[in-house]
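The primary structure of each chain is shown beneath.
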Amino acid sequence: QVQLVESGGGLVQTGESLRLSCTYTVSRSWFVLNIAAWYRQAPGQQRELVARLTSGGRTDYADSLKGRFTISTDNAKNTVYLQMNSLKSEDTGIYYCNTNIWTATTGSQDYWGQGTQVTVSS
């Protein structure tokens, strides 16, 4: 079993920063984090990829976010972060953590967090 818990969302002003955290708990003692990613869904919009980090160290970002957002992981804490700087009103939405984790019993599976609300006020 894998559980993801997100935190760090909130209400900020335009130009401010937030750091989202996603802590994943795996019931198996040995696992591999293949991919860690953040998605977001704005009101009335489809969910979109914000940032993705692979186990090989490759990062991908939505074109509109490059230079403002940074994804990172702390494997010792089983946590994925999204540092968001220079926030804009269009960054408002629910942010979801997504991981692809491999265990010997489940193989590679995708898991989602419950989402955390980010609201940027102008």
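Keep in mind that this is a model prediction, so the values were computed, not measured.

Considering the overall build of the protein
Within the protein, the secondary structure is distributed over zero helices and 11 strands. Shown N-terminal to C-terminal, the secondary structure of the protein runs as helices and strands in the order β-β-β-β-β-β-β-β-β-β-β. Relative to the globule expectation of 14 Å for 122 residues, the C-alpha radius of gyration of the protein, 14 Å, shows essentially globular dimensions. The dimensions of the protein, computed from C-alpha atoms along their principal axes, are 50 × 25 × 25 Å. Out of the 122 residues belonging to the protein, those deemed buried represent 40%. For the protein, the share of sequence-separated contacts (at least 6 apart) that also reach a separation of at least 24 residues comes to 56%. A total of about 6600 Å² of accessible surface is found on the protein, and carbon and sulfur atoms cover 44% of it.

Points about the nonpolar core
Core analysis: the largest hydrophobic core is formed by 29 residues, its most contacted members being Trp 38, Val 50, Phe 69, Ile 71, Leu 82, Met 84 and Tyr 95. At the level of secondary structure, the elements contributing two or more residues to this core comprise β1 (2-7), β3 (18-26), β4 (32-41), β5 (48-54), β7 (69-74), β8 (79-84), β9 (93-103) and β11 (116-121). If one sorts the elements of this core by residue count, β3 sits on top with five residues. Once residues within four sequence positions are removed from consideration, Val 50 is found in contact with Trp 38, Tyr 39, Arg 40, Asp 60, Tyr 61, Ala 62, Leu 65, Phe 69, Leu 82 and Tyr 95.

Some words on the packing of aromatic side chains
What the rule picks out here adds up to three aromatic pairs. Ring plane angle 90 degrees and centroid distance 6.1 Å describe the contact between Tyr 24 and Phe 31, whose orientation is recorded as edge-to-face. Residue Phe 31 is classed as partly exposed on the basis of its relative accessible area, which comes to 22%. Centroid distance Trp 30 to Trp 102: 5.5 Å. Interplanar angle 85 degrees. Geometry classified as edge-to-face. Taken together, the residues span a long stretch of sequence, with Trp 30 in the loop between β3 and β4 and Trp 102 in strand β9 at a distance of 72 residues. On the basis of relative accessibility, which here comes to 29%, the residue Trp 102 falls in the partly exposed class. Looking at Arg 47, its charged tip hangs above the ring of Tyr 96, at a distance of 3.7 Å from the centre. Between Arg 47 and the ring centre of Trp 112, over which it is positioned, the NZ or CZ distance is 4.8 Å.

Concerning the sheet that holds β8
The pairing of strands in a sheet comes from backbone hydrogen bonds and takes either a parallel or an antiparallel form. Reading across from one edge, β1-β3-β8-β7 is the order of the four strands in this open sheet, with antiparallel pairing throughout. Lying at the two open borders of the sheet, with one neighbouring strand each, are β1 and β7. For this sheet, the mean angle separating the axes of adjacent strands, direction not counted, is 15 degrees. Across six bridges, β3 lies against β8 in antiparallel orientation. Each residue of the ladder has a partner; that of Ser 21, found in β8, is Tyr 81.

Some points on the pattern of salt bridges
Under the defined criterion, the tally for this structure stands at five salt bridges. Via salt bridges that share partners, Arg 40, Glu 48, Arg 68 and Asp 91 belong to a single interconnected network.

The rules behind the values
- Each chain has its residues counted from 1, running along the sequence as written.
- Reporting in this predicted model follows two pLDDT cut-offs: at least 70 for local features of residues, and 80 or more for side-chain atom pairs to be given and counted; totals over whole chains, interfaces and linings ignore these cut-offs and use all residues.
- Where side-chain values are given, they derive from all heavy atoms of the structure, hydrogens and water being excluded.
- In this text, helices come from DSSP runs of H or I with a minimum length of four residues, and strands from runs of E with a minimum of two, each type numbered from the N-terminal end.
- Note on method: radius of gyration uses C-alpha positions; expected globular size equals 2.2 Å times residues raised to 0.38.
- Accessibility here uses a 1.4 Å probe with only protein chains present; expressed as a share of the type maximum, an area under 20% marks a residue as buried, one over 50% as exposed, and anything in between as partly exposed.
- Here, two residues are considered to be in contact whenever any of their heavy atoms come within 4.5 Å of each other.
- To be clear on the numbers: accessible area is Shrake-Rupley with a 1.4 Å probe, and residue cover counts the displayed protein chains and nothing else.
- Note on terminology: a nonpolar core comprises buried Ala, Val, Leu, Ile, Met, Phe, Trp, Tyr and Cys residues joined through side-chain atoms within 4.5 Å.
- By convention, a stacked pair of Phe, Tyr or Trp rings (six-membered ring in the case of Trp) has centres within 6.5 Å and planes under 30 degrees apart, an edge-to-face pair has planes over 60 apart, and any other such pair is tilted.
- Our definition puts a charge over a ring when NZ of Lys or CZ of Arg is within 6 Å of the ring centre and also within 35 degrees of the ring normal.
- Strands are labelled as partners when DSSP assigns at least two bridges between them.
- Between N-to-C directions, angles cover 0 to 180 degrees, with each direction set by a line fitted to C-alpha atoms, over the stretch in contact for helices.
- Note on definitions: salt bridges are taken to be side-chain nitrogens of Lys or Arg within 4 Å of carboxyl oxygens of Asp or Glu.

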